[in-house]
Amino acid sequence: MTEDKKGHEELKEYADGWMTERKGTDAPGFLKLAIPVIGLGGVGYLIFQMYGDVGHATRGPLVQQFNAATKTNPVLMYGIAAMVLIYVAIVAIFAFRKPHED
């Protein structure tokens with residue numbers, strides 16, 4: 001840890017001082033783990049709810065009629081899910097890498 005003349009640790013500021021961190025520190029592990037968990041949850045929700053809530057007792061038939069009228073494209077939805085998976089993988093790799101000094 002580097003200290004300045006007054007004995008304080010050297011700090012880095014981001015976003016015009018809204019975020020501050022000690023130089024050389026890393027983000028906590030639970031925050032790093034939240035990135036892939038939230039991303040994979042979003043992809044799972046997108047895939048499982050691709051056609052809507054067709055099994056629901058009251059709104060299921062309405063959702064089925066809407067799907068028949070709009071002709072949902074599963075290839076497009078799977079393509080979007082694949083792009084989201086690639087994005088989550090890139091962000092997770094970036095988050096889990098060793099921090100570098102500026």
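Here the structure is shown first, and the text comes after it.
What counts and what doesn't
- For every chain, the first residue of its written sequence is number 1, and the numbers climb from 1 along that sequence.
- In keeping with the predicted nature of the model, local features appear solely for residues at pLDDT of at least 70, side-chain atom pairs appear and are counted solely at 80 or more, and the whole-chain, interface and lining totals rest on all residues.
- With hydrogens and water excluded, all non-hydrogen atoms of the structure serve as input to the side-chain values.
- Note that patches include only residues with greater than 30% relative accessible area and no salt bridge, and the join distances are 9 Å for like charges and 5 Å for nonpolar side chains (Val, Leu, Ile, Met, Phe, Trp, Tyr).
- Here the Shrake-Rupley method, with its probe set to 1.4 Å, supplies the accessible areas, and only the displayed protein chains count as covering residues.
- The term salt bridge refers to a pairing of a side-chain nitrogen on Lys or Arg with a carboxyl oxygen on Asp or Glu at a separation within 4 Å.
- Helix and strand assignments come from DSSP, with helices taken as H or I runs of at least 4 residues and strands as E runs of at least 2, each series counted from the N terminus.
- Exposure classes here rest on a 1.4 Å probe applied to the protein chains alone. A residue is buried below 20% of its type maximum, exposed above 50%, and partly exposed in between.
- An expected span of 1.5 Å times one less than the residue number is assigned to each helix.
- The criterion used for residue contact is that any of the two residues' heavy atoms lie within 4.5 Å.
- By definition, the arc is the one covered by directions from the helix axis to the C-beta atoms.

Caption draft 1: Structural detail: a nonpolar patch on the surface. Taken together, L76, I80, M83 and V84 make up a surface patch of nonpolar side chains, about 340 Å² in accessible area. Here M83 shows up in helix 3 (residues 74-96). Exposure remark for M83: the relative accessible area of 55% places this residue in the exposed category.

Caption draft 2: Quick look at helix 1 (residues 29-48). For helix 1, which comprises 20 residues, the first-to-last C-alpha distance of 29 Å matches the rise-based estimate of 28 Å (1.5 Å per residue) to within 8%. Turning to helix 1, its buried residues are K32, P36, G39, V43 and G44. Buried residues belonging to helix 1 abut helix 3.

Caption draft 3: Region of interest: helix 2 (residues 60-70). Every buried residue of helix 2 is accounted for by G60, V63 and N67. Buried positions in helix 2, seen along its axis, are confined to an arc of 60° and lie on one side of it. In helix 2, those exposed residues whose orientation departs by more than 90 degrees from the buried face are L62, Q65, F66 and A69. Count one or two residues on from helix 2 and you reach K71, which has phi positive near 55°.

It is worth stressing that arrangement in space is one thing and function is another; only the former is reported here.
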